[in-house]
Amino acid sequence: MTEFWLISAPGEKTCQQTWDKLMGATTGTSNLSINNKFNIPDLKVGTLDVLVGLSDELAKLDTFVEGVVKKVAQYMADVLEDSRDKVQENLLANGVDLITYITRFQWDMAKYPIKQSLKNISEIVSKQVTQIDNDLKARASAYNNLKGNLQNLERKNAGSLLTRSLADIVRKEDFVLDSEYLITMLVVVPNMYSLWLVFEDNESGLFSVTLFRKAVDDFKHKARENKFTVRDFQYNEEEMKADKEEMARLSTDKKKQFGPLVRWLKVNFSEAFIAWIHIKALRVFVESVLRYGLPVNFQAMLLHPHKKNMKKLREVLYDLYKHLDSGAAIIDASMDIPGLNLSQQDYYPYVYYKIDCSLLDFKV
């Protein structure tokens, strides 16, 4: 299970009591979830108007940053190609796995100074992640072009004799060159004839046939009647050499770019993921102040639900916190009310945000 529930509830007499109450209801014999305190520092509250506006902005920023985190993770998987089992070990935050980072979350004072306003902190995150997104697009475009060109050349040198490049198959001695009257043609023939064989694969053989230039059209016609394929090929050493050199150059360039690109992805995945969790922390703080009021007095808690107990956990949380909002009873997620639009975020009497660490479209 890679799904976490980040929730907050107001402090009772102390925030520790709020924590103890949650632990008593969800752990021990009930064994509904594994819980950790989620430490959010004393941030600058600002005015109510600013908090209300910021609440909407942070929701959009959350979606954007999560998208960038997923893009970087997915591109890491694309770049590693045959080593996809190694993807997970490269998807770290501050050098540790994602679950460890979330469960031991500490606010990064250096990146996001808490003396700044909430608005400024959100703008720092926005600029940082937008830059990562733009850099990813540029780097991915350059690497994909290189990879695509190399794959096109590799495809030309693979496949059946009917379509593949012949440059790395033929030799100079297979041809009569520089003759005014004679020309050598290459014919693909099913594997049942015996002629001057140049090369063969499982399906057919490639043969060279030397004939008078004036007989070329008749020869092609007869070949077609017999279901032989005449390949349009002229022996040109300079062109063949240039093709081989281009493939070698592209292959070398790809290897040169691979290492730095993976390192960039690793560093910037970490940066984007850390930024994302800080946005979650900001959202919990803003929403808790808007819901529970001032002075700031709430406990943020990270729950890791056991999959089979998720419904039960939701019921227990509802019973614990339903007194916080009398209206919440009619819009609890377990009830289906026609015409009620809960948008993307279900509403509960407690502050709630989901964090899903399954960032890839495939299972690694």
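Residues numbered from 1 in each chain as written. Predicted model: local features only at pLDDT ≥ 70, side-chain atom pairs only at ≥ 80, totals over all residues. Heavy atoms only, no water.

Colleague: Break down a negative patch on the surface for me, with residues and values.
Modeller: On the surface, a cluster of negative charge is contributed by Glu237, Glu238, Glu239 and Asp243. Topologically, glutamate 237 is positioned in helix α7 (residues 237–292). Residue glutamate 237 is classed as partly exposed on the basis of its relative accessible area of 44%. (Patch = residues over 30% accessible without salt bridge, like charges linked within 9 Å, V, L, I, M, F, W, Y side chains within 5 Å. Areas by Shrake-Rupley, 256 points an atom, 1.4 Å probe, with all protein chains shown as cover. Salt bridge = Lys/Arg side-chain N within 4 Å of Asp/Glu carboxyl O. Lys, Arg positive; Asp, Glu negative; His and termini not counted. Charge placed at Lys NZ, Arg CZ, Asp CG, Glu CD. Helix = DSSP H or I, 4+ residues; strand = E, 2+ residues; numbered from the N terminus. Buried < 20%, exposed > 50% of the residue type's maximum accessible area, 1.4 Å probe, protein only.)

Colleague: How would you summarise the packing of helix α5 (residues 118–156) against α7 if you had to cite specific residues and measurements?
Modeller: Packing of α5 against α7 brings their axes to within 8 Å, and their N-to-C directions diverge by 155°. Regarding the angle of α5 to α7, the classification is roughly antiparallel. Helix-helix and strand crossings are classified by hand; for α5 and α7 the assignment is left-handed. For the contact of α5 with α7, the residue count by class is 22 nonpolar, six polar and 10 charged. (Axes fitted to C-alpha atoms, helices over the stretch in contact; angles between N-to-C directions. Parallel < 35°, antiparallel > 145°, perpendicular 65-115°, else oblique. Left-handed = near helix turned anticlockwise from the far one by under 90°. Nonpolar A, V, L, I, M, F, W, Y, C, P; charged D, E, K, R; others polar.)

Colleague: Could you give me a rundown of the pairing of strand β4 (residues 197–200), with the residues and numbers involved?
Modeller: The pairing of β4 with strand β5 (residues 204–212) spans three bridges and is classified as antiparallel. Across the sheet, the residue bridging to phenylalanine 199 is leucine 206, located in β5. Between the antiparallel neighbours β4 and β5 lie three residues. (Pairing = 2+ DSSP bridges.)

Colleague: For the sheet that holds strand β8 (residues 351–356), give the residues involved together with the corresponding values.
Modeller: Sheet strands pair by backbone hydrogen bonding; their relative direction is either parallel or antiparallel. Read from one edge of the open sheet, four strands run β2-β7-β1-β8, paired in antiparallel fashion. Each edge of the open sheet is held by one strand with a lone partner, namely β2 (33–37) and β8. Along the sheet, successive strands turn relative to each other by an average axial angle of 25°, direction set aside. Two strands pair when backbone bridges link them, and strand β1 (residues 3–10) and strand β7 (residues 298–305) are joined in this way by six bridges, in the antiparallel orientation. Bridge pairing in β7 places leucine 6 opposite leucine 302.

Colleague: Quick one: what's the story with the packing of helix α2 (residues 48–80) against α7, residue by residue and with numbers?
Modeller: Where α2 meets α7, the axes come as close as 8 Å, and the angle between the chain directions of the two elements is 155°. The orientation of α2 with respect to α7, classified from their angle, is roughly antiparallel. Seen along the crossing, α2 lies across α7 with a hand that is left-handed.

Colleague: For the environment of lysine 311, give the residues involved together with the corresponding values.
Modeller: Structurally, lysine 311 can be placed in helix α8 (residues 310–321). Here lysine 311 falls in the exposed class, since its relative accessible area comes to 63%. In this structure, the C-alpha to C-alpha distance between lysine 311 and leucine 32, residues 279 residues apart in sequence, is 9.5 Å.

Colleague: With reference to specific residues and values, describe the pattern of salt bridges.
Modeller: When the charged atoms of two side chains lie near each other, side chains of opposite charge can form a pair. In total, this model carries 17 salt bridges according to the counting rule given. Across the pair lysine 137 and aspartate 133 runs a salt bridge, and its minimum N-O distance is 3.4 Å. Of the two residues, lysine 137 and aspartate 133 both sit in helix α5, four residues apart, roughly one turn of that helix. With a closest N to O distance of 2.9 Å, arginine 249 and aspartate 253 form a salt bridge. You can see arginine 249 and its partner aspartate 253 sitting in helix α7, four residues apart, about one turn around the helix. Judged by relative accessible area, which is 40%, arginine 249 ranks as partly exposed. Judged by relative accessible area, which is 22%, aspartate 253 ranks as partly exposed.

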